[in-house]
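Read off the chains here:
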There are 2 protein chains.
Amino acid sequence: MGEYKNTKLDDVFTAMSDGTRRAILARLAQSDARVTELANDFPISLNSTSKHIRILERAGLVTRAVQGREHVLTLNAGPMAEAMEWMEYYRQFWEHSLAALEDFVIKKRKQDQRRSKKQ
Amino acid sequence: MGEYKNTKLDDVFTAMSDGTRRAILARLAQSDARVTELANDFPISLNSTSKHIRILERAGLVTRAVQGREHVLTLNAGPMAEAMEWMEYYRQFWEHSLAALEDFVIKKRKQDQRRSKKQ
DNA sequence: CCTATATTCACCCTTATGGGTGAATATAAA
DNA sequence: TTTATATTCACCCATAAGGGTGAATATAGG
């Protein structure tokens, strides 16, 4: 509500909105890797991989260390914390829904039990 | 990694990647609202609002109840749970980073204390 | 110096966003 | 029945994604 131009969150959520990029993050969670190594792991070109990395860097989720001609990418999950915080506020809503669903199921089961006793 | 075409997560993260849509979700967290009501709360046209709502619906974050000519939108935070779960895996990484940073700061402080005693 | 490797730059193409306007549609109300 | 309201549909425009290819750049290694 207060927020309106939180471009930081924009970038983080955008970065995570693509399956290939999520897979790159998962890969980097195992160990650092170079651009070419990442490209080999996915069915897309080196150039395409490079572009995905740029989007991840923009979100701050990946850090680049240039060592000569090699660029070593490192996972930096930090920015996810802010995204989690934002979503945390909504936890009450889905947990409330689940609780309501549970209540419904339990009441329904008791109802059914009463019915079966009458028969 | 295992996942690769999780279009559900794609849709949820995409829906949350825009400030206006995040604001709409925050608004609906207060109470249900009609399309026109939402449009009045934001500096964009009714049509643009309608499009944002479609994207939120695609992600399952908003539900529509048509009552005559009025469409009542309801927040459905459920799909955020899956997104949270996905991000939860990465918590270790940013918490680890924070812990490492804390260690560094503490050691640095002690170092500085030793130095000031020597002077 | 020459060559191979690692990445990016500069493009092309297609589709999706994000914004707009005006018209069509559906329903409520006079 | 006519009119007003609520929402969407059909477009237009600009920009960003997501994919590709070929060339340029930078550095490592003979």
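Where an unreviewed UniProt entry is consulted, chain A appears under the name Transcriptional regulator, with the organism given as Stenotrophobium rhamnosiphilum.

Examining helix H5 (residues 78-88) of chain A
Looking only at H5 of chain A, the buried set comprises Pro79, Met80, Ala83, Met84, Trp86 and Met87 of chain A. When H5 of chain A is viewed along its axis, its buried side chains cluster within an angular range of 160° and face the same direction.

A few points about the protein's contact with DNA strand D
As a matter of local geometry, DNA strand D sits amid 23 residues, with Arg21, Asn47 and His52 of chain A together with Thr36 and Arg64 of chain B nearest to it. For DNA strand D, the fraction of atoms within 4 Å of the protein that belong to sugar or phosphate moieties is 58%. Contacts to DNA strand D include His52 of chain A, whose side-chain N or O atom sits 2.3 Å from a phosphate oxygen. One of the side-chain N or O atoms of Arg69 of chain B is found 3.0 Å from a base oxygen in DNA strand D. Only helix H4 (46-58) of chain A together with helix H3 (35-41), helix H4 (46-58) and strand S3 (70-75) of chain B provide two or more residues apiece to the surface near DNA strand D. If one sorts the elements of the surface near DNA strand D by residue count, H4 of chain A sits on top with six residues. Split by residue class, the surface near DNA strand D holds four nonpolar, nine polar and ten charged.

About the criteria used
Residues numbered from 1 in each chain as written. Chains lettered and ligands numbered in written order. Predicted model: local features only at pLDDT ≥ 70, side-chain atom pairs only at ≥ 80, totals over all residues. Heavy atoms only, no water. Buried < 20%, exposed > 50% of the residue type's maximum accessible area, 1.4 Å probe, protein only. Helix = DSSP H or I, 4+ residues; strand = E, 2+ residues; numbered from the N terminus. Arc of directions from axis to C-beta. Near = heavy atom within 4 Å. Polar contact = N/O pair within 3.5 Å; in protein donor to acceptor, adjacent residues only side chain to side chain. Nonpolar A, V, L, I, M, F, W, Y, C, P; charged D, E, K, R; others polar.

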